[in-house]
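If you want the building blocks of each chain, they are given just below.
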Amino acid sequence: MKLRRTQISIIVIGLFLILVFTGAALAAIGPAQPGQLFFPFQQSFENFQLLLTRQPDSRLELLLKLAERRQDDLSQRAGTTYEPLAARYLVSFLTQAGEVIPALEGEQKLAASERLLQLSQEVKTDLANLPLLPSRYRTVYYNLQAQLTELTGSLDQETAASGEPAAPAAPVSLPAAASPAPAHPAINARSLMAAGSASAG
């Protein structure tokens with residue numbers, strides 16, 4: 001019984017390795033596209049890469065690379081029945097990349113947010129210009145656009161929070177207040193009487 005389990009484990013591992021290496025070879029020769037025979041093999045290899053890539057900066061770079069690959073797939077599959085599938089895969093990688101952004105710091109976080117924001121905005125435009133998705137697959141289209149809108153809003157906040165703080169405003173220099181005019185001395189009755197005596201003499 002134990003020997004049989006070991007054999008089954010070896011077979012499963014062997015099949016998995018064949019799957020991974022096949023996907024790697026396909027990715028190296030030329031990426032397969034959604035709907036093509038070898039695309040599932042390539043997709044398995046990509047998922048395996050992501051599984052092994054845990055460092056935030058490396059993972060983000062891989063996700064952006066895969067998103068750009070899916071963007072090319074979308075342009076190639078536009079106008080076919082695989083157009084919605086290609087669009088889903090593309091948006092999925094973008095949202096996964098957005099989940100990595102908070103783990104970055106400083107200038108690296110700002111640069112990554114700006115790069116992903118630009119790519120996401122491009123994809124929003126690409127989806128709107130597709131021949132089938134906006135008209136024939138409206139529910140899928142609006143869901144994907146909603147995901148991208150949420151992502152770009154989050155990235156806008158990240159770029160605002162990571163940007164250089166605004167310089168403090170210079171203190172406003174106010175003109176000095178004018179000194180009040182000196183009050184006239186009170187004129188009492190004795191002063192008036194002295195003045196009248198002098199004039200009479």
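Just so you know, these numbers come straight off a predicted model, no measurement behind them. (Residues numbered from 1 in each chain as written. Predicted model: local features only at pLDDT ≥ 70, side-chain atom pairs only at ≥ 80, totals over all residues. Heavy atoms only, no water.)

**What about the overall build of the protein chain?**
Helix and strand content of the protein chain: 8 helices and 0 strands. Helices (α) and strands (β) of the protein chain occur, in sequence order from the N terminus, as α-α-α-α-α-α-α-α. For the protein chain, the residues scored as buried account for 30% of the 201 residues in total. Considering only intrachain contacts with a sequence separation of at least 6, the fraction spanning at least 24 residues in the protein chain is 66%. Entry remark: accessible area of the protein chain is about 13400 Å², with carbon and sulfur atoms responsible for 59%. (Helix = DSSP H or I, 4+ residues; strand = E, 2+ residues; numbered from the N terminus. Buried < 20%, exposed > 50% of the residue type's maximum accessible area, 1.4 Å probe, protein only. Contact = heavy atoms within 4.5 Å. Areas by Shrake-Rupley, 256 points an atom, 1.4 Å probe, with all protein chains shown as cover.)

**Focus on helix α4 (residues 83-100)**
Helix length check: α4, at 18 residues, gives a terminal C-alpha distance of 27 Å against a target of 26 Å (1.5 Å per residue), a fit within 8%. Regarding α4, the residues found buried are E83, P84, A86, A87, L90, V91, F93, L94, A97, G98 and V100. (Expected span 1.5 Å × (residues − 1).)

**With respect to the pattern of salt bridges**
The tally for this structure, following the rule as stated, stands at 6 salt bridges. Among the ionic pairs, E46 bridges to R70, the shortest N-O distance being 2.3 Å. In this pair, E46 is assigned in helix α2 (residues 39-52) and R70 in helix α3 (residues 56-77), connecting sequence segments 24 residues apart. Like R70, E46 is buried. Shared partners join several salt bridges into a network, and the residues in it are E46, R69, R70 and D73. (Salt bridge = Lys/Arg side-chain N within 4 Å of Asp/Glu carboxyl O.)

**Comments concerning the environment of S75**
Of note, S75 is situated in helix α3. C-alpha separation for the pair S75 and D126, spaced 51 residues apart in sequence, amounts to 8.5 Å. At a separation of 2.7 Å, a polar atom in the side chain of S75 contacts the main-chain carbonyl oxygen of D72. (Polar contact = N/O pair within 3.5 Å; in protein donor to acceptor, adjacent residues only side chain to side chain.)

**A closer look at the nonpolar core**
In terms of nonpolar packing, the biggest core is built from 32 residues, with L60, L94, L116, L127 and L133 touching the most fellow members. Elements with a contribution of two residues or more to this core: α3, α4, α5 (106-128) and α7 (138-162). With residues up to four places along the chain from it excluded, the contact list for L60 reads A97, V100, I101, L104 and A112. (Core = buried A, V, L, I, M, F, W, Y, C linked by side-chain atoms within 4.5 Å.)

**A look at α2**
Compared with an ideal rise of 1.5 Å per residue, which puts 14 residues at 20 Å, α2 spans 20 Å between its outermost C-alpha atoms and is within 8% of the ideal. Every buried residue of α2 is listed here: F39, Q42, F45, E46 and L50. Along the axis of α2, the buried positions cluster into a sector of 140°, meaning they face one direction only. Away from its buried face, by an angle of more than 90 degrees, α2 presents the exposed residues L51 and L52. (Arc of directions from axis to C-beta.)

**Some remarks on the packing of α3 against α4**
When two helices pack together, their arrangement is given by the angle between the helix axes and by the axis-to-axis distance. In contact at an axis separation of 8 Å, α3 and α4 are set at 160° when each is read in the N-to-C sense. When the axes of α3 and α4 are compared, the pair comes out roughly antiparallel. Of the two elements, α3 crosses α4, and the hand of that crossing is left-handed. On α4, the residues that touch P56, R59, L60, L63, L64, L66, A67, R70, Q71, D73, L74 and R77 of α3 are E83, A86, A87, Y89, L90, F93, L94, Q96, A97 and V100. A per-class count over the contact of α3 with α4 returns 15 nonpolar, 2 polar and 5 charged. (Axes fitted to C-alpha atoms, helices over the stretch in contact; angles between N-to-C directions. Parallel < 35°, antiparallel > 145°, perpendicular 65-115°, else oblique. Left-handed = near helix turned anticlockwise from the far one by under 90°. Nonpolar A, V, L, I, M, F, W, Y, C, P; charged D, E, K, R; others polar.)

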